[in-house]
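# Fold and contact review
Each chain, written out:
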Amino acid sequence: MLLEAAARVIARRGVRGLRVEELAAEAGVSTALIYYHFKNRMGILRATLEFINDRADRYTGERDPDAPPLDARGELLETLLLEFQDDLEVRENSTAWGELRACAVFEPDLQEDVAKSTLVWVQDVAELLGHVHPQAGAAALAMSAERLTALVEGLSSRWLSGSLPLRHARDLVVGAVDAELARLAA
């Protein structure tokens, strides 16, 4: 698939290293087909951002139908911890997301798309936090979700770069979730 190839190339080469010719070769299609579907480089970046968001929703939302149901805290933890899987698709997705987020610093046209994606993720995590502490106010839930999602992004970058072991990254997320839940309960 073309968008899988785009995510792979961005993860491997970065946004600045994305060349349409390399993307076409990776996807096994012509450059003309890429331009037909996406019009320009920004179209490729936006479509890839949407693709990696959808893919992350899928792998963080999938549950084993035979597994026992999770309580609200367990669902929150599992959702965040699924961002730390030693799986090629997850590594590629997280790396491409980091590259797109970093590129948005210099690409104002991409900033709005990255901001919207981030907001959706923060809202999803705030909703999960609200299931654990339904009495917490919306502002407190949003602030906790903002801290947790920012932490996951930072830890993910460290893990992917090899400067943080996977197990330690996961332990730090668990500790942060516990701290945020304690803060919301206070």
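All right, on to the pattern of salt bridges then. Enumeration over the complete set of coordinates arrives at 14 salt bridges. With a shortest N-O distance of 2.9 Å, Arg 13 and Glu 22 are connected by a salt bridge. When the shortest N-O distance is used, the salt bridge between Arg 58 and Glu 89 registers 2.9 Å. Of the two residues, Arg 58 is situated in helix H4 (residues 41-61) and Glu 89 in helix H6 (residues 88-103); the sequence distance between them amounts to 31 residues. Three or more residues are tied together by salt bridges with common partners; here these are Arg 8, Arg 12, Arg 13, Glu 22 and Glu 26.

With that out of the way, let us pick up the nonpolar core. If you look at the biggest cluster of nonpolar residues, it comprises 29 residues, and the most contacted ones within it are Leu 23, Ile 34, Ile 44, Leu 45, Ile 52, Leu 100 and Leu 110. Elements with a contribution of two residues or more to this core: helix H1 (2-13), helix H2 (20-27), helix H3 (31-38), H4, H6 and helix H7 (108-132). At eight residues, the largest contribution of residues to this core is made by H1. Core analysis: the next-biggest nonpolar cluster, separate from the first, contains 25 residues, Phe 84, Leu 128, Val 152 and Leu 181 among them.

One pass over the structure, following the stated rule, counts one aromatic pair. With 5.9 Å between their ring centres and 55 degrees between their planes, Phe 84 and Trp 159 make a pair best called tilted. One end of the pair, Phe 84, is in the loop between helix H5 (72-81) and H6; the other, Trp 159, is in helix H8 (residues 138-160), and 75 residues separate them in sequence. Owing to a relative accessible area of 1%, Phe 84 belongs among the buried residues under this scheme. The aromatic ring of Phe 106 is capped on one face by Arg 16, whose charged end is 4.9 Å from the ring centroid. The side chain of Lys 39 reaches across the aromatic face of Tyr 36, ending 5.5 Å from its centre.

Reading guide: rules and limits
Residues numbered from 1 in each chain as written. Predicted model: local features only at pLDDT ≥ 70, side-chain atom pairs only at ≥ 80, totals over all residues. Heavy atoms only, no water. Salt bridge = Lys/Arg side-chain N within 4 Å of Asp/Glu carboxyl O. Helix = DSSP H or I, 4+ residues; strand = E, 2+ residues; numbered from the N terminus. Core = buried A, V, L, I, M, F, W, Y, C linked by side-chain atoms within 4.5 Å. Buried < 20%, exposed > 50% of the residue type's maximum accessible area, 1.4 Å probe, protein only. Phe/Tyr/Trp six-rings, centres within 6.5 Å; stacked < 30°, edge-to-face > 60°. Lys NZ or Arg CZ within 6 Å of the ring centre and 35° of its normal.

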